Amino acid sequence: MSYGYLGKIIRIDLTDGSIKIEEPNDIFYRTYMGGKGFIAHYLLKELKPGIDPLSEDNKLIIAAGILTGLSVAGVPRFAVGAKSPLTGGYGQSEAGGFWGPELKKAGFDGLIIEGKADKPVYIYIKDGQIEIKDAGHVWGKETGETQEILFKEVGDKTIKVLQIGPAGENLVKYACILNGLKHANGRNGLGAVMGSKNLKAVVVKGNKKIPVHDNEKISEISKSFLSYYMENPLTRGLYEYGTPAGVMGNNAGGILPTRNFNDGEFQNAEKISAQVMVDTMLKKRVGCYACAVRCKRKVEIQSDDISVDGKYGGPEYETVAAFGSLCENDDLEVIAKANELCNRLGIDTISTGMSIAFAMECYENGIISQKELDGIDLSFGNKKSILEIIEKIARREGIGDVLAEGSEAAARKFGNGADKFVLCVKGQELAMHEPRGKVGVGIGYAVCETGADHMVIGHDSLFGKKGFTLDSVKPFGIIEPVDALDLSWKKVRAFVYLQRWWSFFNMTGICDFVPVPRGAMPAEDVVALVKAATGWETSLWELMIAGERAINMARLFNLREGFTSEDDTLPDRLFEGLKNGRLEGNSISREEFKEAISIYYSMMGWNEEGVPTKGKLLELNIEN
Ligand code: SF4
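Because the structure is predicted, anything quoted here is derived from the model rather than measured.

*Asks:* Would you take a moment to explain the sheet that holds strand E4 (residues 78-83) for this structure?
*Replies:* Strand pairing in a sheet relies on backbone hydrogen bonds. The paired strands run either parallel or antiparallel. The six strands are arranged E2-E1-E6-E3-E4-E5 in an open sheet whose pairing can be described as mixed. Here the strands that pair on one side only, and so sit at the sheet edges, are strand E2 (18-22) and strand E5 (90-95). Strand-to-strand, the axes of this sheet are offset by a mean angle of 15 degrees, without reference to chain direction. Across five bridges, the pairing between strand E1 (residues 9-13) and strand E6 (residues 110-114) is parallel. Within the sheet, the bridge partner assigned to Arg-11 lies in E6 and is Ile-112.

Below, the structure written as structure tokens:
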């Protein structure tokens, strides 16, 4: 009898319509745990090197984790992976919401989706039964309408719908996958992979109980979390203001990405602050499955100029910054509308905002004109143009068709030095975190297997000075503060430990806002949760090793695809000074950064080219 997981993985070949159930053993689950572990395992083992990510040779892996769906806060997550059409490398993105727990209640830990259907289809999974159904009637429709139609068709409004919008169908390179209309597997263009397979949606409904080893212990941990989580200022802040609370803090610290990462301070930041959101448009604080933190927002606007539908949620910090300060837009209503549009059409808010800001800088510098922009004045701060361009990207119309390829490809098309204004790593646009004020985030952008990604580690401020967040990471061996601007081996060492912890989150389905250091649940309770769910006599050590294993497997995938140490770097702009704000003039030293990456390789047991050594792979039980 397995605990914490169901022991069943669905394999569907959309080309011939075959459906199989695979039943890996306990060693498989204990080695890979789900999420990132499954994805790295299957992509490495089953994908041929060099395939076209948008061909039927690619496989879409959807994987819950061993904690997903437990009756405790912060375990709603699941991951989707494939070879990324945006980066050409290892692709993965996680989401919360309710879909992952429902998949497990339907009896499965994950899906491997192969081939390509000859016409649009959706997959319907209900309590152990799996069907491939026609989706011709919803192809081309926006996400809200699709969900309504599927509710009616199935005759059940409680089904959970994971789907792509028109952007995924149109193979936009940063199309996302949404569940519940507002929880996104946002990054790496996995919505385009789904679209390339003619797969519109995966619908799940489950009534089974997830088997666990020690339910009493899980209830005890859950109750104990409820007794203290609101005392933790980080968790309390998430409830009160959501992630947009980061806008004013980052602005004061000079690290709010502004004007396409030229500046670190936005003069009108207050107008797009979390307080303004609370005062003017917030309708409800909402959350994911079983989570008391409720950091997500539901916003609604009904005015003569603009209407925003609350069913698409509300903008998170990344979205506020990407369509706000980054584009010098100080209108929070327009940001809320941009968020709604992205969720209706199915595109990643980060890469969309970054592609628009990139085009704005190209326009400002005369590299493109209104002629290339279909007559649109794309000046920084022109809020109306942001909404027009989002629609064009998702529908691949005019300039939108160029930007839909991602800003790196768009720069190649524009020429004339447009590449100076691209802020990507491995082809993926930076998230809304400024490495010139928290250099560990820069290491994360550079070495992350999915390209620039802010969800690789706990950010520098969490262990930058004495206090409760530093205390919370002492069990990992990070016992002294390391300044946010310190790029020495001490930062790299903290990074290496926290990267393993974050990788473990992505394998198990736990949200990084709940455990330490970003949340309130102590590491020992997380370990106890894994023990109680699975019955394994495990330890923090084993969980960190599992996290490290997945990092190495994803690394091997990228090396096989031709990535080298040259790709573990940052855009030139970050080696130049910030143009305003508290850290004006601050830059990252190119030499120090190179040295930090070299130290990272050696701490990881990789050679000077960033290739894992044979001994490291064998230690991690990876046969390559
Ligand atoms: S903390 Fe927020 S994002 Fe994380 S599970 Fe809870 S509601 Fe979802």
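*Asks:* Looking at this structure, how should I read the sheet that holds strand E12 (residues 199-205)?
*Replies:* Ordered in space as E8-E7-E12-E9-E10-E11, the six strands form an open sheet in which the pairing is mixed. Of all strands in the sheet, those with a lone pairing partner are strand E8 (129-134) and strand E11 (183-185), marking the two edges. Each adjacent strand pair in this sheet contributes to an overall mean axis angle of 20 degrees, direction not counted. Two strands pair when backbone bridges link them, and strand E9 (residues 160-163) and E12 are joined in this way by four bridges, in the antiparallel orientation. Bridge pairing links Gln-163 to Ala-201 in E12.

*Asks:* Could you clarify how one ought to interpret the nonpolar core in this entry?
*Replies:* What tends to happen in soluble globular proteins is that the nonpolar side chains get buried as a cluster. Grouped together as the largest cluster of nonpolar side chains are 176 residues, with contacts concentrated most on Ile-356, Phe-358, Ile-390, Leu-403, Phe-414, Trp-501 and Tyr-600. For this core, the element with the highest residue contribution is helix H21 (residues 540-560), accounting for 11 residues. The residues contacting Tyr-600, other than those within four sequence positions of it, are Val-447, Val-492, Phe-495, Val-496, Gln-499, Ile-551 and Trp-606. Listed in part, the 30 residues of the second largest apolar core include Ile-10, Phe-108, Leu-111 and Ile-123.

*Asks:* Just checking my understanding: could you explain helix H12 (residues 332-345) for this structure?
*Replies:* In an α-helix, one turn spans 3.6 residues; hence positions three or four apart end up facing the same way. When the terminal C-alpha atoms of H12 are compared, their 20 Å separation across 14 residues agrees well with the 20 Å that a helix rising 1.5 Å per residue should span. Buried residues dominate H12, accounting for 13 of its 14 residues. If you check the start of H12, you find a side-chain oxygen 2.9 Å away from the backbone N of Glu-333, and it comes from Asp-331.

*Asks:* So what exactly am I meant to see when it comes to empty space enclosed by the protein here?
*Replies:* Space left empty within the atom packing is revealed by a probe, the size of a water molecule, rolled over the atoms. On inspection of all chains with the given rule, the structure shows five cavities of 30 Å³ or more. Its boundaries defined by the atoms lining it, the largest cavity holds a volume of some 120 Å³. What lines the largest cavity is a set of 13 residues, and nearest its centre among them are Lys-36, Cys-448, Glu-449, Met-455 and Asn-506. For the lining of the largest cavity, the secondary structure elements donating two or more residues are E5 and helix H19 (489-508). Top contributing element to the lining of the largest cavity by residue count: H19, with four residues. Residues of the lining of the largest cavity, tallied by class, amount to four nonpolar, five polar and four charged. Taken as a whole, the second largest cavity encloses approximately 50 Å³ of empty space.

*Asks:* Help me out: how do you make sense of the layout of surface pockets in this one?
*Replies:* The volume enclosed by the second largest pocket comes to roughly 480 Å³. If you go around the second largest pocket, you meet 22 residues; those closest to its centre are Phe-98, Gln-147, Phe-151, Gly-180 and Lys-182. Looking at the lining of the second largest pocket, the elements with two or more residues in it are helix H4 (143-154), E9 and strand E13 (282-286). A per-class count over the lining of the second largest pocket returns seven nonpolar, eight polar and seven charged.

Analysis parameters
Residues numbered from 1 in each chain as written. Predicted model: local features only at pLDDT ≥ 70, side-chain atom pairs only at ≥ 80, totals over all residues. Heavy atoms only, no water. Pairing = 2+ DSSP bridges. Helix = DSSP H or I, 4+ residues; strand = E, 2+ residues; numbered from the N terminus. Axes fitted to C-alpha atoms, helices over the stretch in contact; angles between N-to-C directions. Core = buried A, V, L, I, M, F, W, Y, C linked by side-chain atoms within 4.5 Å. Buried < 20%, exposed > 50% of the residue type's maximum accessible area, 1.4 Å probe, protein only. Contact = heavy atoms within 4.5 Å. Expected span 1.5 Å × (residues − 1). Polar contact = N/O pair within 3.5 Å; in protein donor to acceptor, adjacent residues only side chain to side chain. 1 Å grid on protein atoms, 1.4 Å probe; cavity = no way out; pocket = protein on both sides within 12 Å on 5 of 7 lines; lining within 4 Å. Points joined across faces, edges and corners; volume = space filled by probe spheres on them. Nonpolar A, V, L, I, M, F, W, Y, C, P; charged D, E, K, R; others polar.

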